[in-house]
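Per-entry structural report
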Amino acid sequence: MARVTQFVVWLLLLIPVSMKAQTESKPSLVALKTNLLYDALLVPNIGIEVSLGKQWTVAGEGMLAWWSSDRNNRYWQTYGGYLTVRRYLNTHPQPFTGHHVGAYALALTYDVEWGGRGYQASTLGFGGGLEYGYSMAVGSRLNLDFSLGIGYQGGEYKEYEPQGDRYVWLATRQRHWFGPTKAEVSLVWLLGGSGRSKKGGDK
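Residues numbered from 1 in each chain as written. Predicted model: local features only at pLDDT ≥ 70, side-chain atom pairs only at ≥ 80, totals over all residues. Heavy atoms only, no water.

Quick word on the environment of Asn 90
Structurally, the position occupied by Asn 90 is in the loop between strand E4 (74-88) and strand E5 (98-114). As a C-alpha pair, Asn 90 and Gln 55 span 35 residues in sequence and 7.7 Å in three-dimensional space. (Helix = DSSP H or I, 4+ residues; strand = E, 2+ residues; numbered from the N terminus.)

Here you go:
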């Protein structure tokens with residue numbers, strides 16, 4: 001939990017630093033986001049994306065869920081996050097808009113149990129990969145961002161079986177997953193500046 005707290009504090013500290021140099025006539029250089037896919041899975045999450053120039057951004061995203069039901073032996077617990085560097089491929093006057101590619105690193109732990117079998121991360125697992133996506137405007141300060149990342153995720157996990165009020169360890173395994181490791185349908189809120197430019201943009 002201490003690592004999660006440090007990560008959230010780091011995200012919040014980025015907001016005033018990123019907005020310090022902005023004026024009312026400049027475009028937004030920082031955005032807050034939430035991944036609606038994780039929200040639908042009852043995994044609250046928040047992210048911040050900061051412009052590094054005309055086409056480059058860096059983003060940090062964190063998630064935390066701590067749901068359980070001892071009566072039904074159900075657990076849905078996870079925390080972790082992503083750190084992503086993106087390059088937007090067009091010359092749109094507003095950051096965070098259009099096609100983009102990127103590279104990301106991830107750190108994740110989990111405890112998921114449903115239907116009589118559970119899987120718990122023994123330690124914080126790590127991974128990373130490459131992503132492609134597209135961000136479209138849905139309002140003067142709102143975007144909808146779609147992206148998919150392919151890469152690797154590894155780490156040790158324990159397989160267990162709930163028996164009454166006890167949880168019986170079955171095996172300790174290593175996870176080596178190659179494939180989709182990031183999926184995003186995010187609502188993005190542009191902060192600072194003067195909102196979205198009314199002229200120019202993609203044709």
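Some words on the packing of aromatic side chains
Taken as a whole and assessed by the stated rule, the structure comprises four aromatic pairs. With a centroid separation of 5.8 Å and 80° between ring planes, the pair formed by Tyr 160 and Tyr 167 is classed as edge-to-face. Assessed through its relative accessible area of 8%, Tyr 160 is described here as buried. Seen from the ring of Tyr 157, Arg 175 lies directly overhead, with NZ or CZ sitting 4.5 Å from the centre. (Phe/Tyr/Trp six-rings, centres within 6.5 Å; stacked < 30°, edge-to-face > 60°. Buried < 20%, exposed > 50% of the residue type's maximum accessible area, 1.4 Å probe, protein only. Lys NZ or Arg CZ within 6 Å of the ring centre and 35° of its normal.)

So, the pattern of salt bridges
When the charged atoms of two side chains with opposite charge come close together, those side chains can pair. Applying the stated criterion to the full structure yields twelve salt bridges. Between Asp 145 and Arg 86 there is a salt bridge, with its nearest N and O atoms 3.2 Å apart. Of this pair, Asp 145 sits in strand E8 (residues 142-163) while Arg 86 sits in strand E4, placing them 59 residues apart in sequence. Like Arg 86, Asp 145 is buried. (Salt bridge = Lys/Arg side-chain N within 4 Å of Asp/Glu carboxyl O.)

Some remarks on the pairing of E8
In the sheet, strand E6 (residues 117-121) pairs with E8 via four bridges, with the strands oriented antiparallel. When the sheet's bridge partners are listed, Ala 121 is paired in E8 with Tyr 157. Where strand E7 (residues 125-137) lies against E8, twelve bridges are found, and the strand directions are antiparallel. Within E8, the residue paired with Tyr 132 across the bridge is Leu 148. Connecting the antiparallel pair E7 and E8 is a turn made up of four residues. With 22 bridges connecting them, E8 and strand E9 (residues 166-191) associate as antiparallel partners. By the bridge assignment for E9, Tyr 160 is matched with Trp 169. (Pairing = 2+ DSSP bridges.)

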